[in-house]
Amino acid sequence: MDQTTPAGDRPDLQPVLQAAMRLVEANGLRGLSLRPLAEHLGLTVSALSHRFGLKDELVGALIAAAVAQDGAFLDRWLDHIAALQVRDGALMAEVADAILADLAGPEALRTRFYCELLQGAATRPELAPAVAAWSARRLAFWRAASAGLGPAAPHAPDLGEILHAFSMGEAAYGLAIGDLAAYRWLRRLNLRRLCCGLIPADNTEDLRQYDVFRAALSELEPSAGWTPTAWQAKVAGHISALIIAEGADAVTHRAIAARAGLANSTLAYHFPRQEDLLRAGMADVSDRVRRVAAPGPGEASPEYQLTSIETARATFALALVVGRLPELKAATADLRRRRGENYVGYIARERGAASIDVVSAQAVSVTGTGRLMLEATLDPAGNQAAFQLTDQMVAVALA
């Protein structure tokens with residue numbers, strides 16, 4: 001490789017990056033291997049390796065190139081923010097929403113690449129340093145973007161840190177349901193609370209808007225659901241556990257057969273395609289998260305209770321896979337609209353009164369999920385930081 005040009009800045013790497021991101025979009029990180037990438041580019045594996053190095057070196061260069069692209073995008077937004085002279089929370093909330101809309105729209109391919117890498121780094125530690133560098137670049141951007149506002153209150157968490165975590169919590173949702181106006185409206189309401197104060201003087205109008213657009217999200221017509229046999233339902237729990245632990249692209253017949261103690265041929269008889277496994281596992285993920293968040297009347301909680309990080313990874317994985325399984329879009333929208341409802345009750349129990357409303361609870365819940373995803377992936381020993389951030393946000397608001 002050219003030793004005078006940083007890997008991420010090589011012009012000839014750009015078509016390779018685009019091809020790699022397309023493969024990841026279609027197949028998750030398992031699509032990021034030399035043979036399909038070479039075929040996509042019309043090259044042989046040896047020619048691709050000769051130009052860009054072996055797999056680990058190439059993947060590192062591709063991530064560096066994606067970070068460089070992302071940095072250029074974020075720098076353009078910093079120029080806009082400087083020109084706008086953002087000095088108040090209301091304008092910062094509007095700007096943040098526009099940035100998230102761009103990340104889920106024109107920049108969606110790279111956003112998905114980032115999300116898949118973040119999810120995959122939990123079980124592929126060789127990816128963690130590069131993903132950590134990307135995350136640090138994003139955090140620096142959000143801090144710079146919100147620097148003109150100053151501290152919201154004494155001892156308040158850094159707004160840039162909050163927006164960084166919230167943007168991560170929303171990233172997969174934006175990719176899955178960002179075309180829905182009702183979702184975008186709820187996101188704007190949440191951002192307004194993060195940037196202008198979790199406890200407004202008058203929340204009447206916010207709650208009215210929340211009720212309207214929360215109801216609108218429930219109107220998304222679900223596709224024909226997956227109806228499992230009793231045998232399939234038992235195996236679905238093993239599939240969802242693997243999805244939560246390693247992501248959707250880890251689901252293969254071999255992996256599930258080994259996990260469930262089954263013969264490959266038996267599993268393939270009941271689930272002929274990899275897509276059938278994925279659909280079953282995602283349906284089970286959706287059901288488990290929904291019943292943890294808000295069990296219906298007379299409905300039991302799932303036999304296995306998900307931890308906070310498992311719930312975060314489950315909802316993240318579900319939203320990411322909507323691009324491959326569009327029938328899961330309604331389930332993803334349903335989980336997003338329910339965000340925060342349990343958190344209101346949690347705060348009331350902890351504080352002894354109903355202290356924040358559901359709009360702010362949604363904002364805090366999504367922020368916590370984003371921070372959990374970042375911490376659990378990049379610093380498995382640091383999960384507690386996510387809870388410290390959200391607890392601090394609420395404590396400062398109540399003070």
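Located above this text is the structure these notes cover.
Residues numbered from 1 in each chain as written. Predicted model: local features only at pLDDT ≥ 70, side-chain atom pairs only at ≥ 80, totals over all residues. Heavy atoms only, no water.

## So, helix α15 (residues 308-320)
An ideal rise of 1.5 Å per residue puts 18 Å on 13 residues; α15 measures up with 18 Å between its terminal C-alpha atoms. The buried count for α15 comes to eleven of 13 residues, which makes it a mostly enclosed element. All buried positions along α15 are accounted for by Ile309, Glu310, Ala312, Arg313, Ala314, Thr315, Phe316, Ala317, Leu318, Ala319 and Leu320. (Helix = DSSP H or I, 4+ residues; strand = E, 2+ residues; numbered from the N terminus. Expected span 1.5 Å × (residues − 1). Buried < 20%, exposed > 50% of the residue type's maximum accessible area, 1.4 Å probe, protein only.)

## Some details on the packing of helix α4 (residues 55-84) against helix α7 (residues 128-145)
Two numbers describe how α4 lies on α7: the axes approach to 10 Å, and their chain directions differ by 0°. Relative to α7, the element α4 is oriented roughly parallel. In this structure, α4 uses Ile63, Ala66, Val67, Asp70, Gly71, Leu74, Asp75, Trp77, Leu78 and Ile81 to contact α7, whose residues at the interface are Ala130, Trp134, Arg137, Arg138, Phe141, Ala144 and Ala145. (Axes fitted to C-alpha atoms, helices over the stretch in contact; angles between N-to-C directions. Parallel < 35°, antiparallel > 145°, perpendicular 65-115°, else oblique. Contact = heavy atoms within 4.5 Å.)

## Looking at the pattern of salt bridges
Summed over all chains, the structure comprises 28 salt bridges. Put simply, Asp249 and Arg124 hold a salt bridge, and the shortest N to O gap is 2.9 Å. Placement of Asp249 in the loop between α11 (230-246) and α12 (253-260) and of Arg124 in the loop between α6 (108-120) and α7 is noted, with a sequence separation of 125 residues between them. Exposure remark for Asp249: the relative accessible area of 6% places this residue in the buried category. Here Arg337 makes a salt bridge to Asp334, at a shortest N to O gap of 2.8 Å. Placement of both Arg337 and Asp334 in helix α16 (residues 329-338) is noted, with a separation of three residues, approximately one turn of the helix. When sorted by exposure, Arg337 lands in the same class as Asp334, which is buried. Salt bridges sharing common partners tie together Arg273, Glu275, Asp276, Arg279 and Glu327. (Salt bridge = Lys/Arg side-chain N within 4 Å of Asp/Glu carboxyl O.)

## Overview of empty space enclosed by the protein
Summed over the entire model, instances satisfying the criterion amount to three cavities of 30 Å³ or more. Lining the largest cavity, in full, are Leu100, Leu103, Ala104, Thr111, Arg138, Ser167, Glu170, Ala171, Gly174, Tyr183 and Arg187. Among the elements of the structure, α5 (89-104), α8 (159-177) and α9 (181-196) are those that each provide at least two residues to the lining of the largest cavity. Of all the elements, α8 adds the most residues to the lining of the largest cavity, at four residues. When its residues are assigned to classes, the lining of the largest cavity shows five nonpolar, three polar and three charged. Estimated volume of the second largest cavity: approximately 40 Å³. Around the second largest cavity, the lining residues are Gly169, Ala172, Tyr173, Ala312, Thr315, Phe316, Ala319, Arg339 and Thr369. The set of elements that each furnish at least two residues to the lining of the second largest cavity consists of α8 and α15. Take the lining of the second largest cavity: its biggest share by element is four residues, from α15. (1 Å grid on protein atoms, 1.4 Å probe; cavity = no way out; pocket = protein on both sides within 12 Å on 5 of 7 lines; lining within 4 Å. Points joined across faces, edges and corners; volume = space filled by probe spheres on them. Nonpolar A, V, L, I, M, F, W, Y, C, P; charged D, E, K, R; others polar.)

## Focus: the packing of aromatic side chains
Applying the stated rule across the entire model yields five aromatic pairs. Taken together, a centroid distance of 5.1 Å and an interplanar angle of 65° make the contact between Phe141 and Trp142 edge-to-face. What makes Phe141 buried here is its relative accessible area of 1%. Overall, Trp142 belongs to the buried group, its relative accessible area being 3%. Among the aromatic residues, ring-to-ring pairing joins Phe113, Tyr114 and Trp134 into one connected group. (Phe/Tyr/Trp six-rings, centres within 6.5 Å; stacked < 30°, edge-to-face > 60°.)

## Considering the environment of Ala236
With respect to the helices and strands, the residue Ala236 is situated in helix α11. Taking relative accessible area as the criterion, Ala236 reaches 2% and is therefore assigned buried. A C-alpha to C-alpha distance of 5.5 Å links Ala236 and Ala280, two positions 44 residues apart in sequence.

## Considerations on unusual backbone geometry
In the Ramachandran plot, Gln85 falls in the positive-phi region, its phi being about 55° despite a non-glycine side chain. Locating Gln85 in the fold gives a position in the loop between α4 and α5. With a relative accessible area of 55%, Gln85 lands in the exposed category.

## Here we look at the nonpolar core
Counting 88 residues, the largest nonpolar core has Leu37, Leu58, Leu62, Phe113 and Ile239 as the members making the most contacts within it. If we ignore the near neighbours within four places in the chain, the residues touching Leu37 are Val16, Ala19, Ala20, Leu23, Leu48, Leu58 and Leu62. (Core = buried A, V, L, I, M, F, W, Y, C linked by side-chain atoms within 4.5 Å.)

## Re the side chain of Arg279
By secondary structure assignment, the location of Arg279 is in helix α14 (residues 274-293). According to the relative accessible area criterion, Arg279 is buried, its value standing at 19%. One polar contact links Arg279 to Glu327, side chain to side chain, over a distance of 2.4 Å. (Polar contact = N/O pair within 3.5 Å; in protein donor to acceptor, adjacent residues only side chain to side chain.)

## Quick notes on the side chain of Asp334
The class of Asp334 is buried, set by a relative accessible area of 16%. A distance of 2.8 Å separates the side chain of Asp334 from the side chain of Arg337, its partner in a polar contact. In this structure the side chain of Asp334 is engaged in a polar contact, spanning 2.8 Å, whose partner is the side chain of Arg338.

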